[in-house]
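Each chain, letter by letter, is given below.
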Amino acid sequence: MKLLSPISDEIETHIFSLHPIDSRMYVILCGSQALVVDPFVCHEALEILMKARIAELLVVLTHEHYDHISGVNWIKQNLFCQVLCTENCARLIKDSRKNLSHYIESSPFCCEADVTFSGQVEIPFARRTLNLIETPGHSKGSLCLTVDQLCVFTGDSLVNGKNVVTKLPGGSRSDYENITLPFLQSLPTDIQVFPGHGEPGKLGDLLKVGSL
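Residues numbered from 1 in each chain as written. Predicted model: local features only at pLDDT ≥ 70, side-chain atom pairs only at ≥ 80, totals over all residues. Heavy atoms only, no water.

1. Structural notes on the overall build of the protein chain
- Looking only at helices and strands, the protein chain has 6 helices and 13 strands in total.
- On the principal axes, the C-alpha backbone points of the protein chain span a range of 45 × 40 × 30 Å.
- Expressed as a percentage of the 212 residues in the protein chain, the buried residues total 54%.
- Taking as baseline every contact in the protein chain between residues at least 6 positions apart, the subset at least 24 positions apart corresponds to 56%.
- If you sum the accessible surface of the protein chain, you get close to 9,800 Å²; carbon and sulfur atoms cover 49% of it.
- The protein chain carries 17 positive and 24 negative side-chain charges, and their two centres are separated by 3 Å. (Helix = DSSP H or I, 4+ residues; strand = E, 2+ residues; numbered from the N terminus. Buried < 20%, exposed > 50% of the residue type's maximum accessible area, 1.4 Å probe, protein only. Contact = heavy atoms within 4.5 Å. Areas by Shrake-Rupley, 256 points an atom, 1.4 Å probe, with all protein chains shown as cover. Lys, Arg positive; Asp, Glu negative; His and termini not counted. Charge placed at Lys NZ, Arg CZ, Asp CG, Glu CD.)

Here it is as structure tokens:
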């Protein structure tokens with residue numbers, strides 16, 4: 001686990017890596033509110049959340065693939081929370097074949113979201129605004145999440161050091177080039193990126209090597 005430099009003075013960010021594939025989970029704390037992006041089972045993360053005495057917990061799924069949703073059922077069992085994702089993602093995580101755990105995991109699984117959206121939605125978080133937008137291409141249910149213009153959580157729509165994969169079921173190179181890439185390019189080049197795999201970095205640097 002790493003404690004990152006705060007997104008802002010009042011926001012604390014923790015990063016966790018799921019070995020061996022280095023999927024990233026983020027735990028963001030701000031007062032009595034918390035945000036978890038792409039949960040996996042991690043007792044250290046649970047201890048941080050419980051110690052912070054969180055009153056309101058939002059869990060965001062950047063997309064439907066097994067390595068980014070594997071902790072949904074676990075976190076629901078341990079903490080009261082709401083799980084948010086796109087409508088497409090919500091439909092696909094209910095099927096172990098569609099979330100790919102059927103083909104990868106020794107114990108395939110499925111899970112459910114509590115809140116869904118299509119297109120774009122804004123949600124207040126402490127004194128900040130979470131902006132969630134559908135970003136298809138890597139998968140049908142992908143999204144990106146910005147916290148004001150301070151940072152963006154990209155899931156596998158932009159990873160560090162690798163090209164974006166669009167060949168998995170539900171992926172679309174055309175959607176990525178025509179929808180997702182223009183969105184990413186519209187953000188400030190110095191915005192902090194928290195990717196689904198690999199280390200965080202500035203958007204301009206990641207776009208040089210991580211887009212198609």
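Now that the structure has been shown, we can carry on.
2. Comments concerning the nonpolar core
- Counting 31 residues, the largest nonpolar core has Phe16, Val36, Leu49, Leu57, Val59, Leu61 and Ile75 as its most contacted members.
- Elements with a minimum of two residues in this core: strand E3 (23–30), strand E4 (33–37), helix H1 (43–51), strand E5 (56–60), helix H2 (72–78), strand E6 (82–86) and helix H3 (87–92).
- With 21 residues, the next largest nonpolar core counts Ile15, Tyr26, Cys30 and Val147 among its residues. (Core = buried A, V, L, I, M, F, W, Y, C linked by side-chain atoms within 4.5 Å.)

3. Considering H1
- Within H1, the full set of buried residues consists of Ala45, Leu46, Ile48 and Leu49. Looking straight down H1, one finds that the buried residues subtend no more than 160° of arc, so they occupy a single side. Of the exposed residues in H1, the ones pointing more than 90 degrees away from its buried face are His43, Glu47, Met50 and Lys51.
- The positive-phi residue at the C-terminal boundary of H1 is Arg53, with phi of around 55°. (Arc of directions from axis to C-beta.)

4. Comments concerning the sheet that holds strand E12 (residues 192–195)
- Read across the sheet, 6 strands follow the order E8-E9-E10-E11-E12-E13 without closing on themselves; strand pairing throughout is mixed. Of all the strands in the sheet, the pair left with one neighbour each is strand E8 (120–125) and strand E13 (201–202).
- As judged from the 4 bridges shared by strand E11 (residues 151–155) and E12, these two strands associate in the parallel manner. Across the sheet, the residue bridging to Phe153 is Phe194, located in E12.
- Strands in contact with helix H5 (residues 173–186) are strand E9 (128–134), strand E10 (143–147) and E11; relative to E10, the strand with the most contacts, it is inclined by about 15°. (Pairing = 2+ DSSP bridges. Axes fitted to C-alpha atoms, helices over the stretch in contact; angles between N-to-C directions.)

5. Details of the packing of aromatic side chains
- For the structure on display, the rule yields 3 aromatic pairs.
- Taken together, a centroid distance of 5.3 Å and an interplanar angle of 70° make the contact between Tyr26 and Phe153 edge-to-face. In this pair, Tyr26 is assigned in strand E3 and Phe153 in strand E11, connecting sequence segments 127 residues apart. The pair Tyr26 / Phe153 is uniform in exposure class, with both members buried.
- One aromatic cluster is present, built from ring pairs that chain together Tyr26, Phe153 and Phe194. (Phe/Tyr/Trp six-rings, centres within 6.5 Å; stacked < 30°, edge-to-face > 60°.)

6. Points about the environment of Gly171
- If you trace the backbone, Gly171 turns up in the loop between E11 and H5.
- Ignoring anything within four residues of it in the chain, the contact list for Gly171 reads Gly137, His138, Ser139 and Thr166.

7. Considerations on the pairing of E9
- Both E8 and E9 contribute to a ladder of 6 bridges, which runs antiparallel. Bridging across to E9, Ile123 finds its partner in Leu130.

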